[in-house]
Amino acid sequence: MIELDRSLFADPPARDDRFEIKQVWSEMHNMWDDEGKMLVEFMHRQMNEEVNGLEIAARNLTDFPDAPWELRLAIARQCWDESRHVNAFRRCFETRGGRVGEYPILNFEFRMITAIPTLIGRLAVQNRSFEAAGIQAIREALEHADRYDPDVAALLDAQLADEIQHVRYGNRWVEELIARDPRNAIDVVRGVSQANRAFPMIAGDAAIHLNLDDQIKREVGLIDPIPAQT
Ligand SMILES: [Fe+2]
Ligand SMILES: [Fe+2]
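Residues numbered from 1 in each chain as written. Chains lettered and ligands numbered in written order. Predicted model: local features only at pLDDT ≥ 70, side-chain atom pairs only at ≥ 80, totals over all residues.

Engineer: Could you clarify how one ought to interpret the overall build of the protein chain in this entry?
Structural biologist: Helix and strand content of the protein chain: seven helices and two strands. Across the protein chain, helices and strands are ordered from the amino to the carboxyl terminus as β-α-α-β-α-α-α-α-α. A compact globule built from 230 residues should have a C-alpha radius of gyration of about 17 Å, and the protein chain, at 18 Å, falls within 12% of that. In terms of overall dimensions, the protein chain has C-alpha extents of about 55 × 50 × 30 Å along its principal axes. (Helix = DSSP H or I, 4+ residues; strand = E, 2+ residues; numbered from the N terminus. Rg over C-alpha atoms; globule rule 2.2 N^0.38 Å.)

Have a look at this one:
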């Protein structure tokens, strides 16, 4: 079994023995044919990623009990959102004949993020980077699903609204915490550079660069809204 660098990856989350756990992308069941199986496998993989999202947010609450109350409230709301996403992907997966544990899973996201020792570093990587890239991917998938699968389109549409909020509050609090103490910017740089070293170890050749379109950047607060016409 591949061993991940323990300076970049924390302990894995618990999983019961239904699950076969892999460490890197190349060990997964990566299918490229599309006779329906690829979508079913994706649902299973994504269901577990949503569990990772829930577990990361939950750990942010327990690891940083002194964080500002409003930020903790936003993180708690994210826990609730991610748990709904888990159930939504599970329902879609099972209605297509899938069985939980049928495909291998990756828990790199939890291990990468919880190895970052600061809350602002975790928000910068998880909320402002991973989830922002996720929004772009969901929006592109939604355009496709709208045409051929209303059930999947409804799931992605509901998920998209929540994920935009996760990026928005992450972005807002990264800026707010730096405004309160500019030294926090160093922890953002440290967190992002740690993730930049860790992620290629998981993704290998499969890493792709996603550019956010301007509409998404505006919705998540990365660029200013267009001023209203007068
Ligand atoms: Fe989610
Ligand atoms: Fe999320």
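Engineer: Any chance you could explain the packing of helix H4 (residues 119-148) against helix H6 (residues 184-203) here in plain terms?
Structural biologist: Helix packing geometry: the angle between the two helix axes and the distance between the axes. Between H4 and H6, the shortest axis-to-axis distance is 8 Å and the interhelical angle comes to 50°. When the axes of H4 and H6 are compared, the pair comes out oblique. Regarding H4 and H6, the two cross each other, and that crossing is right-handed. For the pair H4 and H6, contact is made by Ile120, Gly121, Arg122, Ala124 and Val125 and by Asn184, Asp187, Val188, Arg190, Gly191, Val192 and Ala195, respectively. Looking at side-chain class alone, the contact of H4 with H6 contains six nonpolar, three polar and three charged residues. (Axes fitted to C-alpha atoms, helices over the stretch in contact; angles between N-to-C directions. Parallel < 35°, antiparallel > 145°, perpendicular 65-115°, else oblique. Left-handed = near helix turned anticlockwise from the far one by under 90°. Contact = placed C-beta atoms within 7 Å. Nonpolar A, V, L, I, M, F, W, Y, C, P; charged D, E, K, R; others polar.)

Engineer: Help me understand the environment of Met201 in this model?
Structural biologist: Tracing the sequence through the fold places Met201 in helix H6. With 101 residues separating them along the chain, Met201 and Val100 place their C-alpha atoms 27 Å apart. When residues no more than four places from it in sequence are discounted, the contact partners of Met201 are Leu4 and Asp5.

Engineer: What's the story with the environment of Ile208 in this structure? I'm lost.
Structural biologist: Here Ile208 shows up in the loop between H6 and helix H7 (214-219). As a C-alpha pair, Ile208 and Ala141 span 67 residues in sequence and 15 Å in three-dimensional space.

Engineer: I would appreciate a short explanation of the packing of H4 against helix H5 (residues 150-180) in the present structure.
Structural biologist: Running from amino to carboxyl end, H4 crosses H5 at an angle of 155°, the nearest separation of the two axes being 8 Å. When the interaxial angle is binned, H4 and H5 end up roughly antiparallel. In this structure, the crossing between H4 and H5 has a hand that is left-handed. Tallied by class, the residues present in the contact of H4 with H5 amount to 18 nonpolar, six polar and six charged.

Engineer: Help me out: how do you make sense of the nonpolar core in this one?
Structural biologist: One recurring pattern in soluble globular proteins: nonpolar side chains tend to sit buried together. Core analysis: the biggest nonpolar cluster contains 39 residues, and Met112, Ile113, Ile120, Leu123, Val125, Trp173 and Val174 have the highest contact counts within it. The dominant element in this core, judged by the number of residues it contributes, is H4, at nine residues. Residue contacts for Ile113: discarding those within four places in its chain leaves Ile56, Arg122, Val125 and Gln126. (Core = buried A, V, L, I, M, F, W, Y, C linked by C-beta atoms within 7 Å. Buried ≥ 20, exposed ≤ 12 C-beta atoms within 10 Å, placed from the backbone.)

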